[in-house]
Structure formats: C-alpha cells, structure tokens
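Structural characterization, general
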Amino acid sequence: MFLMDTWTDEMKRLQGGPFFSLVLSDWLAVANGSSENMKMKLFYGHDDTLSFMLNSLNVYEGLSNIPPPYASGMILELYQDENSQYR
C-alpha cells in the first residue's frame, strides 16, 4: 500500500512532483529575494502521503509494506552559508 502509488518513476513524478515543485518555487523566491519575509512553511499529511514523498526521493525503505511510524515527519531545509550561497 505504501509504495504502490509511487512504484515507477512516472508515478513518483505524478505523486511527488507537484509538492516538490511548490517547495522549489518557494526556495527560488527566497534565494532571489522576492520572498524575504518567508521564514517557514509547514505542510501536514497522512502516513501514505509521507511515504509517497519519501519514496519519490528514493529514501523510503517501505518494501516490507510497513507504514512510516506514527507522528513521523519530513524536514526540508534551505540554508544560507557565510558566503551568502543557498544550499
């Protein structure tokens, strides 16, 4: 159940693509200075949604069909180093 909707690369793109496109556009806005007031953005989802995102990034070890633990989360961070480079 936790991998079926993201089994192939196309399915990963369809399930995770819209979310990761939103994250990327937010990060680019911050890096370009057009959204300098944004400090944090939170999203909530269910265990299957979290497994879709993690599997789209190829970091979910859900082959045994075990759901992510209760109250799990995923943190994506954009930071700026001392040379003003975003990473």
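Treat the numbers as computed from the prediction; the structure is a model and nothing was measured.

Brief notes about the pattern of salt bridges
Taken as a whole and assessed by the stated rule, the structure comprises one salt bridge. Here Lys41 makes a salt bridge to Asp26, at a shortest N to O gap of 2.8 Å. In this pair, Lys41 is assigned in the loop between helix 1 (9–32) and helix 2 (47–56) and Asp26 in helix 1, connecting sequence segments 15 residues apart.

Focus on the environment of Met53
One can find Met53 in helix 2. Judged by relative accessible area, which is 8%, Met53 ranks as buried. Once the C-alpha coordinates of Met53 and Thr6 are considered, the two residues, 47 residues apart in sequence, prove to be 8.7 Å apart. When neighbours within four sequence positions are excluded, Met53 is seen to be in contact with Gln15, Gly16, Phe19, Phe20 and Met74.

The rules behind each value
- Residues numbered from 1 in each chain as written.
- Predicted model: local features only at pLDDT ≥ 70, side-chain atom pairs only at ≥ 80, totals over all residues.
- Heavy atoms only, no water.
- Salt bridge = Lys/Arg side-chain N within 4 Å of Asp/Glu carboxyl O.
- Helix = DSSP H or I, 4+ residues; strand = E, 2+ residues; numbered from the N terminus.
- Buried < 20%, exposed > 50% of the residue type's maximum accessible area, 1.4 Å probe, protein only.
- Contact = heavy atoms within 4.5 Å.

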